[in-house]
Amino acid sequence: MLSGILLRKQGIKVQWITFETPFFSSEKAKQASKTTGIQLIVKDITPIYLEMLTDPRCGYGKHMNPCMDCHALMFNLAGKIMKEKGFDFLFSGEVLGQRPMSQTMNSLRYVEKQSGFEGYILRPLSAKKLPETIPEQQGMVNRNLLLDISGRSRKPQIKLAKEFGIKNYPSPAGGCLLTDKGYASRLKDLFDHQDSYAERELHLLKHGRHLRLNDTAKIIVGRTQKDNENIKKYYDPNMDTLIKVKKIPGPIVLMPNNGGKDVRMLAASVCVGYSKAPDITPVEVSVTTPQGHEIVQVIGVPPKEIQHFLIQ
Ligand code: SF4
């Protein structure tokens, strides 16, 4: 928001682009666009993002976050749109030294080189600490009116937000599931066990407990009503198995991509174990596979006995 307004104050027409994947949304950008009146293009980049995510050149950060290659890819895609739409350069709100990995001088340089738009990426908040860009050299942007913010403190940005009259702005951290420990473990497990996956499987990683039963089968157990609703939302009846205890309150259990009879019986026992069914008593469980529907009788397995299956 700050860099957009800063450029607009120079009389430069600016527009934003934001990207969506199952790992991050465009909500904050949409909110910022509403607040500032700066037009926003929203683009879903899931397929191309997944190609990068499975093997990022610079590897991952603390969890499954490939921040450097993520930035490079986003600038590359934004650059293509810049060309298509006849814009002159790219800009971002990055601040030199703000983040330990992705915003060091070397990282900013790496991103710029890999993006394919070297010289065309302006970081207005830190511009005076960075080499002059082509739009500055060509007089499209007045470098004297840009800033020299650097470092981890956000005080200068907070002060600037006040000056610009921006009261509502998002908190700096959060928003990307690839930096979330639990989500990252589940995603890594998926990558380790499947060569391909549907987009809905990436959404399913956000909900419920995930248990790996064997190399080819895992189950998702709803913890709350909301989890159960979300699991059903991403359930594909042509691919998955859905398990639910009959007549007794309990979780929805989903086994993506089906699984054999033995593993289905195990999944049904896990489902009973997490339900309100009495201990050591056979109960009826409804199992729906892509091939059909059946009722099986199983005894629940207590959750404490299946801790080793949990992906965490
Ligand atoms: S936190 Fe997520 S969205 Fe942000 S740069 Fe890293 S991988 Fe990309």
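Scroll up for the structure.
Residues numbered from 1 in each chain as written. Predicted model: local features only at pLDDT ≥ 70, side-chain atom pairs only at ≥ 80, totals over all residues. Heavy atoms only, no water.

Asks: Help me get a handle on helix 10 (residues 225–233), residues and values and all.
Replies: Listing the buried residues of helix 10 in full gives D227, N228, N230 and I231. The arc enclosing the buried residues of helix 10, seen along the axis, measures out at 165 degrees, which places them on a common side. Exposed residues pointing more than 90 degrees away from the buried face of helix 10 are listed as Q225, K226 and K233. The elements touched by buried residues of helix 10 are helix 9 (199–204), strand 6 (218–221) and strand 8 (253–255). (Buried < 20%, exposed > 50% of the residue type's maximum accessible area, 1.4 Å probe, protein only. Helix = DSSP H or I, 4+ residues; strand = E, 2+ residues; numbered from the N terminus. Arc of directions from axis to C-beta. Contact = heavy atoms within 4.5 Å.)

Asks: Any chance you could break down the site of the ligand for me, citing the residues and the numbers?
Replies: Every residue lining the ligand is accounted for by F24, Y49, N65, P66, C67, C70, H71, C176 and T179. Considering every element that reaches the shell around the ligand, the biggest residue donor is helix 4 (residues 67–85), with three residues. Of the residues assigned to the shell around the ligand, the class counts are six nonpolar, three polar and no charged. (Near = heavy atom within 4 Å. Nonpolar A, V, L, I, M, F, W, Y, C, P; charged D, E, K, R; others polar.)

Asks: How would you summarise the packing of aromatic side chains if you had to cite specific residues and measurements?
Replies: Inspection of every chain in the model, using the stated rule, returns four aromatic pairs. For the ring pair F23 and Y183, a centre distance of 6.0 Å and an interplane angle of 75 degrees mean the geometry is edge-to-face. Of this pair, F23 sits in the loop between strand 1 (16–20) and helix 2 (27–36) while Y183 sits in helix 8 (residues 181–193); the two residues are 160 residues apart in sequence, bridging distant segments of the chain. Like F23, the residue Y183 is buried in the burial classification. With 5.4 Å between their ring centres and 80 degrees between their planes, F24 and Y49 make a pair best called edge-to-face. Here F24, found in the loop between strand 1 and helix 2, pairs with Y49, found in helix 3 (residues 46–54); they are 25 residues apart in sequence, far enough to count as distant. Both residues of the pair, F24 and Y49, belong to the buried class. Through pairs of rings, three or more aromatic residues link up here, namely F23, F24, Y49 and Y183. (Phe/Tyr/Trp six-rings, centres within 6.5 Å; stacked < 30°, edge-to-face > 60°.)

Asks: Tell me what's going on with the sheet that holds strand 7 (residues 241–245), and back it up with residues and numbers.
Replies: Read from one edge to the other, the open sheet built from six strands follows the order 5-6-8-7-9-10, with strand pairing classed as antiparallel. Where the open sheet ends on each side, the last strands, each with one partner, are strand 5 (209–212) and strand 10 (292–298). Going across the sheet, the axis of each strand differs from the next one's by a mean of 20 degrees, ignoring polarity. In this sheet, strand 8 lies alongside strand 7 in antiparallel orientation, the contact comprising three bridges. Counted as the bridge partner of I243 is V253 from strand 8. (Pairing = 2+ DSSP bridges. Axes fitted to C-alpha atoms, helices over the stretch in contact; angles between N-to-C directions.)

Asks: Describe the pairing of strand 1, with residues and values.
Replies: Here strand 1 pairs with strand 2 (residues 40–44) via five bridges, running parallel. Along strand 2, the bridge assignment pairs F19 with K43. For the handedness criterion, the β-α-β arrangement of strand 1, helix 2 and strand 2 is classed as right-handed. (Right-handed = clockwise from strand over helix to strand, strands pointing away.)

Asks: For the pairing of strand 10, give the residues involved together with the corresponding values.
Replies: As paired strands, strand 9 (residues 283–289) and strand 10 are joined by seven bridges and run antiparallel to one another. Bridged to S286 within strand 10 is I295. In this structure, the hairpin formed by strand 9 and strand 10 is closed by a connection of two residues.

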